[in-house]
Amino acid sequence: MLGKILSTLLIAIVQVAALFWLGVLFFDLVIAGSLVGLGIIAVTFSLSMLSFGVAATSLSRTSLQLTTSVNLFAIVFAGVGGALVPLAVLPGWVQSVAKFVPTYWAVEGFLDVILDGAGTAEILLPASMLMLFTIIFTVVAATKFRLRGNQGLHRLNPRNLGGVS
């Protein structure tokens, strides 16, 4: 299981790195701050999203339920977290809820590094908050999988979903 998690984490980190590299190459993106700080935010955000996926898997009974809930939460996290539009243009209640989604902290960290020239010390709060989300999602997943035993993973096996593969 650890091998699957690490390989998925590596793929997510490579995707984020590729997006920034393409931004620099094709869109003249200038990263004013620390590349190490940018990497820390990328890794902690990837960890939080990976742990969210594992938690969602632990809570889902079917692959359709998993796909639907993950897609829904991805849109909500992106919208509420400020990844789709700046938070300043969103209603006040959304701005007050934003700090409770991991995407908010990733966007804050990325903006701090890219626009404000932040180094590693300045991104400790966003990185710490992303790790907190990672811990919360991991505890949810571990608790749910422990309560169900291996049934949760077994139930999501495509061979057990009535012919759906």
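What counts and how
- Residues numbered from 1 in each chain as written.
- Predicted model: local features only at pLDDT ≥ 70, side-chain atom pairs only at ≥ 80, totals over all residues.
- Heavy atoms only, no water.
- Helix = DSSP H or I, 4+ residues; strand = E, 2+ residues; numbered from the N terminus.
- Buried < 20%, exposed > 50% of the residue type's maximum accessible area, 1.4 Å probe, protein only.
- Contact = heavy atoms within 4.5 Å.
- Areas by Shrake-Rupley, 256 points an atom, 1.4 Å probe, with all protein chains shown as cover.
- pLDDT = per-residue confidence, 0-100.
- Axes fitted to C-alpha atoms, helices over the stretch in contact; angles between N-to-C directions.
- Parallel < 35°, antiparallel > 145°, perpendicular 65-115°, else oblique.
- Left-handed = near helix turned anticlockwise from the far one by under 90°.
- Nonpolar A, V, L, I, M, F, W, Y, C, P; charged D, E, K, R; others polar.
- Expected span 1.5 Å × (residues − 1).
- Phe/Tyr/Trp six-rings, centres within 6.5 Å; stacked < 30°, edge-to-face > 60°.

Another point: the overall build of the protein chain. Each helix and strand in the protein chain was counted, giving 7 helices and 0 strands. Along the chain direction, N to C, the helices and strands of the protein chain fall in the order α-α-α-α-α-α-α. Per-residue burial over the protein chain gives 36% buried out of 165 residues. For the protein chain, restricting intrachain contacts to residue pairs at least 6 apart in sequence, the fraction spanning at least 24 positions comes to 70%. Summing over all exposed atoms, the protein chain offers an accessible surface of approximately 10000 Å²; the carbon and sulfur share of this is 72%.

In this section: the confidence of the model for the protein chain. Within the protein chain, residue pLDDT values average 90, and 88% of them lie at 70 or more. At the level of individual helices and strands, the protein chain shows its lowest average pLDDT in helix α7 (residues 151-155), which scores 50, and its highest in helix α5 (residues 102-114), which scores 97.

With that settled, the discussion passes to the environment of V16. With respect to the helices and strands, V16 occurs in helix α1 (residues 2-27). The class for V16 is buried, based on a relative accessible area of 17%.

Moving on to the side chain of T44. Secondary-structure assignment places T44 in helix α2 (residues 35-59). Look at T44 and you get buried, because its relative accessible area is 8%. Here T44 is in contact with A127, L130, M131 and T134, once residues within four sequence places are set aside.

Another point: the packing of α2 against helix α3 (residues 63-81). At their nearest, the axes of α2 and α3 sit 9 Å apart, and the two run at 140 degrees to each other. Taken together, the axes of α2 and α3 lie oblique to each other. As α2 packs across α3, the resulting crossing turns out to be right-handed. Across from M49, F52, A56, T57 and L59 in α2, the residues of α3 making contact are Q65, L66, V70, F73 and F77. Partitioning the contact of α2 with α3 into residue classes produces 8 nonpolar, 2 polar and no charged.

Considering the arrangement of structural elements, one finds L50 in helix α2. On the basis of relative accessible area, L50 is assigned to the buried category, the value being 17%. Through-space distance from the C-alpha of L50 to that of I5 is 7.7 Å; in sequence the pair is 45 residues apart. If sequence neighbours within four positions are ignored, L50 has contacts with I5, T8 and L9.

Moving on, we come to unusual backbone geometry. Here the phi dihedral of D28 falls at roughly 55 degrees; this positive angle occurs in a residue that is not glycine. Residue position: D28 is located in the loop between α1 and α2.

Now for the side chain of S48. Relative to the helices and strands, S48 resides in helix α2. Once you skip the residues sitting within four places of it in the chain, S48 turns out to touch P102, L130, F133, T134 and F137.

Turning our eyes to something else, we now look at α5. Between the first and last C-alpha of α5 there are 18 Å, a value that for 13 residues agrees with the 18 Å anticipated at 1.5 Å per step. Taken across its 13 residues, α5 has 11 buried, putting it largely inside the fold. Among all positions of α5, only P102, T103, Y104, W105, A106, V107, G109, F110, D112, V113 and I114 are buried.

Right, let's talk about the packing of aromatic side chains for a bit. In this structure the tally under the stated criterion is 7 aromatic pairs. Counting every residue linked through ring pairs, the aromatic cluster contains F52, F73, F77, F133 and F137.

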